[in-house]
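Inside the fold
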Amino acid sequence: MRKPLVVALCALALAGAGATPAVAAAPSPTGADTTTGTAPATSLTDVVNDTVGAVADTLSGLTAPKSAAVNFAGTVSLSNCSGSVVRMQDSAASDPALVLTNGHCLESGFPAPGQVLTDRASSRTFGLLNASGAKVATLRADRLVYATMTDTDAAIYRLNTTYARIKSAYGIDPLTLSGSRPAAGTAISVVSGYWKRIYSCSVDGFAYRLKEGDWTWKDSVRYTSACDTIGGTSGSPVVDDATGKVVAVNNTGNEDGARCTVNNPCEVDRNGGVTVRQGINYAQQTYPFTACFTTGNRLDLSASGCTVPKP
């Protein structure tokens, strides 16, 4: 899972030395972020995460290759992950805006296997980025609409503002979730608001089942090796370069070559065969969510075609 906890000292040392940073390793994702956005960070983890975010801002020019058509506009930085302001294909400008990230990025910790959270109070904050990756605003949630790590790894927050107000104040449009499944070979960009970094590669294929520790995900997107995502890229939107629409949400990768352990997911085929691909990274498809939201961006898990896990 691509969520950082303690990388600030390394980043600070590199920044202080004026050196080009090496790729940061992603520590084991234990101990979830506890920041609610209602007060300044006071715990050691909060201070570390805030410091890393500040250092990341200073390193924003040191990026991976970018697609010319894809930029940071509409992406957000969380205290521990990345995310994006998203709309469904039928969302209206007057609807409350939504933010997409990973289920494992929740401020309350990892959802247990089989657990689905809906309609929970939240005051989580998000740093809204413009096209160049500069933070232009702090957005705040009022509800956690949906979150799970079962079958998929996704969380959707509702903001206390609308798409129209965000557009009027900052000139930024949301990203649109694609209503269709991506195809193998599709050119994609993984856009990290946390690191202000864009990874460009292609969809290599799909894992029938992707198992990591106690969690199992279905029909996961597997990247080609160029998308060598790191800690902090969890929750990044995966954008189809041709359409500009979000087709998946970045969530994990096999770091050490271990088999089916935390930070080392394995692929399981229809016959139970296991494949380990060290250094390869993955995302969870997002098109199923487009059938689960109705007028006013209201979640309706009973809607026709809504196949995401239910509580």
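Residues numbered from 1 in each chain as written. Predicted model: local features only at pLDDT ≥ 70, side-chain atom pairs only at ≥ 80, totals over all residues. Heavy atoms only, no water.

The next thing to look at is the environment of alanine 183. As for its placement among the helices and strands, alanine 183 is situated in the loop between strand S8 (175-176) and strand S9 (187-192). Expressed as a C-alpha distance, the spacing of alanine 183 and phenylalanine 206, which sit 23 residues apart in the sequence, is 9.2 Å. Once you skip the residues sitting within four places of it in the chain, alanine 183 turns out to touch Val203 and Phe206. (Helix = DSSP H or I, 4+ residues; strand = E, 2+ residues; numbered from the N terminus. Contact = heavy atoms within 4.5 Å.)

Attention now goes to the pairing of strand S5 (residues 125-129). Burial of S5 is extensive: 4 of the 5 residues sit out of reach of the surface. Examined bridge by bridge, strand S1 (residues 75-77) and S5 share 2 bridges and lie antiparallel to one another. By the bridge assignment, serine 77 is partnered in S5 with glycine 127. As defined by bridge partners, S5 adjoins strand S6 (residues 135-148) across 5 bridges and the pair is classed as antiparallel. Counterpart to leucine 128 in the pairing with S6 is alanine 137. Joining the antiparallel neighbours S5 and S6 is a turn of 5 residues, in which glycine 133 adopts a positive phi near 95°. (Buried < 20%, exposed > 50% of the residue type's maximum accessible area, 1.4 Å probe, protein only. Pairing = 2+ DSSP bridges.)

Attention now moves to the state of the cysteines. In total, this model carries 4 disulfides according to the counting rule given. What pairs with cysteine 81 in a disulfide is cysteine 105, and their sulfur atoms sit 2.1 Å apart. Linking cysteine 81 and cysteine 105, the disulfide has an S-S dihedral of approximately -90° and is accordingly described as left-handed. Residue cysteine 81 is found in the loop between S1 and strand S2 (82-87), and its partner cysteine 105 is found in the loop between strand S3 (96-101) and strand S4 (116-121); the two are separated by 24 residues along the sequence. What pairs with cysteine 292 in a disulfide is cysteine 306, and their sulfur atoms sit 2.0 Å apart. Handedness here is read from the sign of the S-S torsion; for cysteine 292 and cysteine 306, about 100°, the answer is right-handed. With cysteine 292 in the loop between strand S16 (281-285) and strand S17 (293-294) and cysteine 306 in the segment after strand S18 (298-299), this residue pair connects regions lying 14 residues apart in the sequence. (Disulfide = S-S within 2.5 Å.)

For S9, the tally of buried residues reaches 5 of 6 residues, placing the bulk of the element in the interior. Where S9 lies against strand S10 (residues 197-212), 6 bridges are found, and the strand directions are antiparallel. The partner of serine 192 across the bridge, within S10, is arginine 197. Counting the residues in the hairpin turn of S9 and S10 gives 4 residues, including lysine 196, whose phi is positive at 55°.

Moving on: empty space enclosed by the protein. Per the stated rule, a full pass over the model turns up 1 cavity of 30 Å³ or more. What lines the largest cavity is simply Val85, Leu128, Tyr163, Ile166, Ile172, Asp173 and Pro174. Grouping the constituent residues of the lining of the largest cavity by class yields 6 nonpolar, no polar and 1 charged. (1 Å grid on protein atoms, 1.4 Å probe; cavity = no way out; pocket = protein on both sides within 12 Å on 5 of 7 lines; lining within 4 Å. Points joined across faces, edges and corners; volume = space filled by probe spheres on them. Nonpolar A, V, L, I, M, F, W, Y, C, P; charged D, E, K, R; others polar.)

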